[in-house]
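Fold and contact review
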Number of protein chains: 2
Amino acid sequence: MAITENTEVTETITNAEWCVMRIVWTLDEADSHTIIDLVSQQHDWKAATIKTLIGRLVKKGALATTKNGRQFIYTPLIPEQTAMDAALTGQLDQMCAMCRGQAFVHAIDQTELSQADIQELITHLQEKLATAPTMIACDCLPDGYKGSC
Amino acid sequence: MAITENTEVTETITNAEWCVMRIVWTLDEADSHTIIDLVSQQHDWKAATIKTLIGRLVKKGALATTKNGRQFIYTPLIPEQTAMDAALTGQLDQMCAMCRGQAFVHAIDQTELSQADIQELITHLQEKLATAPTMIACDCLPDGYKGSC
DNA sequence: GATTAGAGTTTACATCTGTAAACGTAAAGT
DNA sequence: ACTTTACGTTTACAGATGTAAACTCTAATC
């Protein structure tokens, strides 16, 4: 069995931490110098700030460290797609079930998507359509109360 | 001109606050007794906790108050759809532009959607397809560096 | 009219986040 | 060997967030 599987997305990655993770996800592995260099070109943060974020991510189990001479090489322990999925789903779970569809409509309107992604989305949606319910009930009120947004 | 337009979504609504807002959005207006009653059926929070959340939402300008005898009637000052839109978009803006399409695929897979919503999404996507780029570049690294997730 | 109850306000407090300086230590240069 | 770097760790600190008790009134009750 694999040694470092991370199925459980235990800890949450904060906004600032996302910026660090994105660098490491993209490079797949990076030393702190590289991370600090790249992140500070995107955000007006001191090196110390980025060091803190790296440290917190290691403690959270989002980044792994491999000793390389005097320094570390950082690698992602949780897949980018998993983190994105959890972040989006977490946000959606908080919203009224009845309104999620509209939220998607708006979000998709405002997001640049590639032709391939759009195709894939259409395909998935068409499949989903087959078994889709006529309507989704509002789940904002406790069980037993009816109401709709 | 209208008196209480709230175009600017200044303050953020926190997770706990969302639970209160959902009740008010759904009922359209509610007194604190009702809010406390309904919210505490969904969450194991003391009345005091919910009072705090209501207070913070009023201070943030998310809820309006109208005096009604000794108590207040609370009404939403920001539309639910606007808040949902901002929440989703904010989350997406944090993720790699190249990966957002996949994030949508996963999110949509895990969300129950009505037939009508799916139809609408397909229509929007088909329209989008016409002007969609072949691919979206990864924007995780600072300008000048190329790399892809 | 005195008392009580309930609505809103203040205060409290631990944890999480964003932001960063200070520090210890081992490697690298001289 | 001695000093300077530079990497990772510790400490700091204000503001946001989750969670809730305490307090102050005004309105309703006896």
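Structural notes, computed from the coordinates. (Residues numbered from 1 in each chain as written. Chains lettered and ligands numbered in written order. Predicted model: local features only at pLDDT ≥ 70, side-chain atom pairs only at ≥ 80, totals over all residues. Heavy atoms only, no water.)

**Observations regarding the packing of aromatic side chains**
Residues and elements named next belong to chain A. Applying the stated criterion to the full structure yields five aromatic pairs over all chains. Where Trp18 meets Trp25, the ring centres are 5.5 Å apart and the plane angle is 65 degrees; that geometry is what we call edge-to-face. Trp25 carries the same exposure label as Trp18, and that label is buried. (Phe/Tyr/Trp six-rings, centres within 6.5 Å; stacked < 30°, edge-to-face > 60°. Buried < 20%, exposed > 50% of the residue type's maximum accessible area, 1.4 Å probe, protein only.)

**What about the pattern of salt bridges?**
All names here are of chain A. Summed over all chains, the structure comprises four salt bridges over all chains. A salt bridge links Glu17 to Lys60, with the nearest nitrogen and oxygen atoms 2.6 Å apart. Placement of the pair is Glu17 in helix H1 (residues 15–27) and Lys60 in helix H3 (residues 47–60), with a sequence separation of 43 residues. (Salt bridge = Lys/Arg side-chain N within 4 Å of Asp/Glu carboxyl O. Helix = DSSP H or I, 4+ residues; strand = E, 2+ residues; numbered from the N terminus.)

**Here's the deal with the packing of helix H5 (residues 100–109) of chain A against helix H6 (residues 115–130) of chain B**
Put simply, H5 of chain A and H6 of chain B touch, their axes get as near as 9 Å, and they point 5 degrees apart. As summarised for this structure, H5 of chain A and H6 of chain B are arranged roughly parallel, according to the angle between their axes. In this structure, H5 of chain A contributes Gly101, Gln102, Phe104, Val105, Ile108 and Asp109 of chain A to the contact, and H6 of chain B contributes Asp117, Glu120, Leu121, His124, Leu125 and Lys128 of chain B. Classifying every residue of the contact of H5 of chain A with H6 of chain B by side-chain character gives five nonpolar, three polar and four charged. (Axes fitted to C-alpha atoms, helices over the stretch in contact; angles between N-to-C directions. Parallel < 35°, antiparallel > 145°, perpendicular 65-115°, else oblique. Contact = heavy atoms within 4.5 Å. Nonpolar A, V, L, I, M, F, W, Y, C, P; charged D, E, K, R; others polar.)

**Let's talk about the interface of chain A and chain B**
At the interface, 66 residues of chain A touch 66 residues of chain B. Carbon and sulfur atoms make up 64% of the area that chain A and chain B hide from each other, which totals about 6,800 Å². For the pair chain A and chain B, the number of links is two salt bridges. The shortest N-O distance in the salt bridge between Arg22 of chain B and Asp139 of chain A comes to 2.7 Å. Where chain A touches chain B, the interface holds 26 residue pairs in polar contact (both at pLDDT 80 or more). Residue assignment for the side of chain A that touches chain B shows that the elements contributing at least two residues are H1, helix H2 (32–42), helix H4 (80–93), H5 and helix H6 (115–131) of chain A. Per element, the largest residue contribution to the side of chain A that touches chain B is twelve residues, and it comes from H6 of chain A. Classifying every residue of the side of chain A that touches chain B by side-chain character gives 34 nonpolar, 20 polar and twelve charged. (Buried area = accessible area lost by both parts, 1.4 Å probe. Polar contact = N/O pair within 3.5 Å; in protein donor to acceptor, adjacent residues only side chain to side chain.)

**Remarks on the nonpolar core**
With 84 residues, the main nonpolar core has Ile35 of chain A together with Ile13, Val20 and Ile35 of chain B as its most contacted residues. Those residues in contact with Val20 of chain B, other than ones at most four positions away along the chain, are Ile35, Val39, Ile50, Leu53, Ile54 and Leu57 of chain B. (Core = buried A, V, L, I, M, F, W, Y, C linked by side-chain atoms within 4.5 Å.)

**Here we look at the sheet that holds strand S2 (residues 63–68) of chain B**
Residue and element names in this part refer to chain B. Ordered in space as S1-S3-S2, the three strands form an open sheet in which the pairing is antiparallel. The strands lining the two open edges of the sheet, one partner per strand, are strand S1 (30–31) and S2. Where S1 and strand S3 (residues 71–76) come together, two bridges link them in antiparallel fashion. Counterpart to Ala30 in the pairing with S3 is Tyr74. Across the face of the sheet, helix H1 (residues 15–27) comes into contact with S1, S2 and S3 while running at roughly 85 degrees to S3. (Pairing = 2+ DSSP bridges.)

**So, the protein's contact with DNA strand C**
Surveying the vicinity of DNA strand C reveals 18 residues, the closest of which are Thr14, Thr52 and Arg70 of chain A together with Ser32 and Phe72 of chain B. Those atoms of DNA strand C that come within 4 Å of the protein belong to sugar or phosphate at a rate of 65%. One of the side-chain N or O atoms of Lys51 of chain B is found 3.0 Å from a base oxygen in DNA strand C. Here Tyr74 of chain B contributes a side-chain N or O atom positioned 3.1 Å from a phosphate oxygen of DNA strand C. Considering every element that reaches the surface near DNA strand C, the biggest residue donor is H3 of chain A, with five residues. (Near = heavy atom within 4 Å.)

**A closer look at the pairing of strand S3 (residues 71–76) of chain A**
Residues and elements named next belong to chain A. The pairing of strand S2 (residues 63–68) with S3 spans six bridges and is antiparallel. Its bridge partner being in S3, Ala64 is matched across the sheet by Thr75. Remark: two residues form the turn of the hairpin made by S2 and S3, two consecutive strands paired antiparallel; Gly69 in that turn has positive phi of roughly 70 degrees.

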